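# Survey of secondary and tertiary structure
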Amino acid sequence: MPILQLSETMVNQIAAGEVIERPASVVKELVENALDAGASHIEIVTAGGGLSLIRVTDDGMGIPASELPLAVSRHCTSKLSDDINAIHSLGFRGEALPSIGSVARLTLRSRTADSDSGAEIAIEGGRMSPVRPAAANRGTIVEVRDLFFATPARLKFMKGERAESTATSDVVRRTAIAFPAVRFTLAGADRAILELPPVGDDPKGRLNRIARIMGAEFPENSIEIDAEREGVRLSGHVSIPSFTRANALHQYAYVNGRPVRDKLIAGAIRGAYADVLPRDRHPVTVLFLSLDPAMVDVNVHPAKADVRFRDPGLVRGLIVGAIRQALAQAGIRPATTGAAGLMAAFRAETAERWRGNITSEWRPAATQEASRTADFIYEASPHRPLDHDQPIGTPVNGQGFAESGQAMFDAGPLASADTRAGWGVANDTLMGRSLGAARAQVHQNYIVAQTHDSLIIVDQHAAHERLVYEALKTALHSRPLPSQMLLMPEIVDLAEDDAERLALHAETLRRFGLVLERFGPGAVAVRETPAILGETNVQQLVRDLADEIADHDTVDTLVERLHAIAATMACHGSVRSGRLLKPDEMNALLRQMEATPGSATCNHGRPTYIELKLADIERLFGRR
Ligand code: ADP
Ligand code: MG
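Residues numbered from 1 in each chain as written. Chains lettered and ligands numbered in written order. Predicted model: local features only at pLDDT ≥ 70, side-chain atom pairs only at ≥ 80, totals over all residues. Heavy atoms only, no water.

## A closer look at the sheet that holds strand β11 (residues 232-239)
- Pairing in this open sheet of 5 strands is mixed, and the strands run β10-β11-β16-β13-β14 from one edge to the other. Of all strands in the sheet, those bounded by a partner on one side alone are β10 (222-229) and β14 (258-260). Sheet twist, expressed as the average angle between the axes of neighbouring strands with direction ignored, equals 20°.
- Of the strands in this sheet, β13 (251-255), β14 and β16 (285-290) touch helix α6 (residues 161-178), which is tilted by about 55° from β13.
- Sitting on the sheet, helix α7 (residues 203-214) is in contact with β11, β13 and β16, with an inclination near 140° to β16. (Pairing = 2+ DSSP bridges. Helix = DSSP H or I, 4+ residues; strand = E, 2+ residues; numbered from the N terminus. Axes fitted to C-alpha atoms, helices over the stretch in contact; angles between N-to-C directions. Contact = heavy atoms within 4.5 Å.)

## Section: the packing of helix α16 (residues 460-477) against helix α21 (residues 583-595)
- Between α16 and α21, whose axes approach to 10 Å, the crossing angle comes to 50°. When the interaxial angle is binned, α16 and α21 end up oblique. Crossing angle aside, the handedness with which α16 passes α21 is left-handed. Between α16 and α21, the residues in contact are Gln-460, Ala-463, His-464 and Leu-467 and Leu-589, Gln-592 and Met-593, respectively. (Parallel < 35°, antiparallel > 145°, perpendicular 65-115°, else oblique. Left-handed = near helix turned anticlockwise from the far one by under 90°.)

## Some details on the site of ligand 1
- Surrounding ligand 1, one finds 20 residues, the nearest of these being Asn-33, Thr-77, Ser-78, Lys-79 and Gly-94.
- A distance of 3.0 Å separates an oxygen atom of ligand 1 from a polar backbone atom of Phe-92.
- Separating an oxygen atom of ligand 1 from a backbone N or O atom of Ala-96 is a distance of 3.2 Å.
- Across the complex, the protein chains shield 94% of the 530 Å² of accessible surface that ligand 1 would expose by itself.
- Listed by contribution, the elements that provide at least two residues to the shell around ligand 1 are α2 (23-36) and α4 (96-103). (Near = heavy atom within 4 Å. Polar contact = N/O pair within 3.5 Å; in protein donor to acceptor, adjacent residues only side chain to side chain. Areas by Shrake-Rupley, 256 points an atom, 1.4 Å probe, with all protein chains shown as cover.)

Have a look at this one:
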């Protein structure tokens, strides 16, 4: 076959293969055009998941009638002069409209501010119609019908209306975060309406828009980021470690206002949270980077969602540093959703019990001469689990209100009259502290404490694990941790490469107080263990460490690796749930938590304590 020049339409359809993947990509390109045109209101309407119709209406600067043919022609743009390094707009390639026009039926109708009549052009499967006059408000309306009618192969790959609709909403939401001053309306027979009113383009307005999109609970569970390094500015919000998701889809990143998907940014976020989150949890983040356009290449892929930074190290360092610092500064701060969820659970149960009283269930049971105590309510709803249904005032295991933890207080050495008085005084001071005064230990793991205006429940296992971890990390920068000698060295059999890896890290492990050496092929001998861990299962500890080191060896920096080792050790050394604590031990733990940054979450990112405000408790009981 001879070599031939491809037709204009073929070229456009090939470009469309990359730029226009699905209806959501059309919406993305059209919304970007509207934003580049300075619109303050953008209205998007779709039908059939966007495959039958997409219409984007804006009140931007419009296109003069004489330029309409250029707008739908390839490589024609009003946004780029001759410096590819100075891109200040979202678009710059001049290929979105011709690409769409080559695979769909597109009409472009527009009017500029200084013209008193509008004009329209159409392009269908690459065939352009002449420009004709049309009535129009100031701004532009782009209508795209029958997407991919000209490329049936692509049409087959569409996932169904629902999925395409969702992808479109996602594009609009993602973009809208970066333009809080613009009103967005997304509507159509195939979707619920999404209306985003304009808010100020200041920190308050931005957070307001973010809350509209990420959910109202995000602002109170996030911290603000604002940092700058060598001309690169980073701002936005990141969630506290107890507010996470199971995947990274809720991480939004913008470079000079452009929504991007970027491995470097995602990696930096992971690095920043490595300390406080398990690997399968992901923070929710909204981060804006602004920098000189010459410092970043956005011309990586036709969809313009990938970027390359001139100085990736600088950007990564800025993100990791800024997030870590913000997390540290936030200090102890439990997730409010923990408490909110608890409140909701309380409410639901109360409501249900209340309803239970008036259903028919109640009467037949009553006629069976069941007693009129609260117990009876339980019998009337046998489908409900026992634990959660123990009616108020019913003796628990015949002990009345005295839970075993409380009983321990009474039986302990502090139970004498004088000490009790002493506690009374001490309590008042302790109650002024942020984690308050310990009052009881329940279910052998939860410390109940009281401040002047709240009730605090601490997960002692999680809290202690965190404290041990922080102590281990501190040891990295100061003297090695004390160790305790084993009477007999303990031999641990391992895979050869695990043994080798451990031996390689022997010096590091020694800093933590773990002394081991090679013991023939496929084994190590452990001579000393970290004193901070107390009695510990050496075999398990060494095996876990081998796993951890293998996991982190190739990818992470030394510091990340050391922290991972510390986390693994901490897990072995913490007060297991089930250990009874004395009141002074509990108070000591609370004070240590207050003094330790980051102790509001355990190493796995779960909260170490929750706080229920007295006001909320009162609300639960209908006192407010
Ligand atoms: P690009 O955005 O890369 O320039 P497009 O194919 O998306 O390429 O658009 C081509 C040109 O059409 C733009 O440069 C712009 O001048 C004009 N245009 C497209 N959409 C609009 C709009 N909504 N308002 C004003 N001008 C527009
Ligand atoms: Mg464009």
